[in-house]
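# A look at the structure
Chain residues, written in single-letter form:
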Amino acid sequence: MKANDFIRMLNNNNLKVFTLNDAVKIIRKPSNYVSLFLSKIDSIKHLERGKYYVDGTDPVEIASNVVHPSYISLEYALAYYRSITQIPVEISVMSLRQHKKLKIEGFNVRFIKLSRSRFFGYRNDNGIFIADPEKAIIDCLAFNIDFFYVSESFGNMKNELNVSKLKQYAKAMNDKAMINRLGFLLERNSVDADDLLKYRSKVYVPLSKNANVRDKKWRVIYAD
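Throughout what follows, the structure given in this document is the object of discussion. Just so you know, these numbers come straight off a predicted model, no measurement behind them.

## Things to note about the overall build of the protein chain
Helix and strand counts for the protein chain come out as 9 helices and 12 strands. Its C-alpha atoms put the protein chain at 70 × 30 × 30 Å along the principal axes. Burial status across the protein chain gives 49% buried among its 224 residues. Excluding contacts between residues fewer than 6 apart, the proportion of contacts in the protein chain whose partners are at least 24 apart in sequence is 54%. Per element, the accessible surface of the protein chain, about 12,100 Å² overall, is 45% carbon and sulfur. Where the 36 positive side-chain charges of the protein chain centre and where its 24 negative ones centre are 7 Å apart.

## So, the packing of aromatic side chains
In this structure the tally under the stated criterion is 12 aromatic pairs. Linked through ring pairs, Phe6, Phe18, Phe37 and Tyr52 together constitute an aromatic cluster. The ring centre of Tyr33 lies 5.7 Å from the NZ or CZ of Lys29, which sits over that ring. Geometry around Tyr204 places Arg214 over its ring, the cationic atom sitting 4.5 Å from the centre.

## Regarding the side chain of Glu61
The topology assignment puts Glu61 in helix H4 (residues 59–63). Excluding residues within four positions of it along the chain, Glu61 makes contact with Lys16, Val17, Asn126, Gly127 and Ile128.

## Quick look at the pattern of salt bridges
All told, the structure shown has 10 salt bridges when counted by the stated rule. Overlapping salt bridges, with partners in common, bring together Glu187, Asp194 and Lys217 in one network.

## Examining the sheet that holds strand E10 (residues 205–206)
With mixed pairing, the 3 strands of this open sheet are ordered in space as E10-E12-E11. In the strand order of this sheet, the two ends are held by E10 and strand E11 (213–215), each with one partner. Here E10 runs beside strand E12 (residues 220–222); their pairing, made up of 2 bridges, is parallel. Residue pairing for E12: Val205 is matched across the bridge by Val220. Contacts from helix H9 (residues 176–188) reach E10, E11 and E12, with the element oriented near 60 degrees to E12.

Calculation rules
- Residues numbered from 1 in each chain as written.
- Predicted model: local features only at pLDDT ≥ 70, side-chain atom pairs only at ≥ 80, totals over all residues.
- Heavy atoms only, no water.
- Helix = DSSP H or I, 4+ residues; strand = E, 2+ residues; numbered from the N terminus.
- Buried < 20%, exposed > 50% of the residue type's maximum accessible area, 1.4 Å probe, protein only.
- Contact = heavy atoms within 4.5 Å.
- Areas by Shrake-Rupley, 256 points an atom, 1.4 Å probe, with all protein chains shown as cover.
- Lys, Arg positive; Asp, Glu negative; His and termini not counted.
- Charge placed at Lys NZ, Arg CZ, Asp CG, Glu CD.
- Phe/Tyr/Trp six-rings, centres within 6.5 Å; stacked < 30°, edge-to-face > 60°.
- Lys NZ or Arg CZ within 6 Å of the ring centre and 35° of its normal.
- Salt bridge = Lys/Arg side-chain N within 4 Å of Asp/Glu carboxyl O.
- Pairing = 2+ DSSP bridges.
- Axes fitted to C-alpha atoms, helices over the stretch in contact; angles between N-to-C directions.

The analysis is restricted to geometry; functional conclusions fall outside its scope.
Written out as structure tokens, the structure reads:
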């Protein structure tokens, strides 16, 4: 098989990120032959052992297809939805198993293992597995990502966000500290959140390292 024919087969099967086994099935040759064949194609890039991608593929799509299942979340998901102005240099991937950090097309990619009960709320957006806007915000609150970014994102997406889904996702995460942060975030944006009060943590939760003001209702400590 010629290189151009192989690339065409990849495109026909929508395989921008693929494994050595995928290539073996297409070429129908032994794996050692296929591995050598791939190494001679300039437009095929080696990702890690047994995995490859087509040159020019969006780094986000590559990152979300390293581990199956997985999805992009945290700051990069907020940037993906253009709800924050800063573009992160790190792509955070939520997955069900551990994986080493990778460097993909200039981006640092880290993998965060989630329990199966917290692994939900994502979509396939043309080959990119990405958190729903609501789940991206919930994940950020759960991992205590800089509250400035979360607040900026919520403000920019407020009219598009499904508040009921936000609350549903929050309860499903079973994380009381995150509920405190979400309740505070919602009220700061004039969204009623009293139905979440019974789920909040009994202890105060900091929103940032330099937090110094206490909100008694939501038991958060925020920066003045």
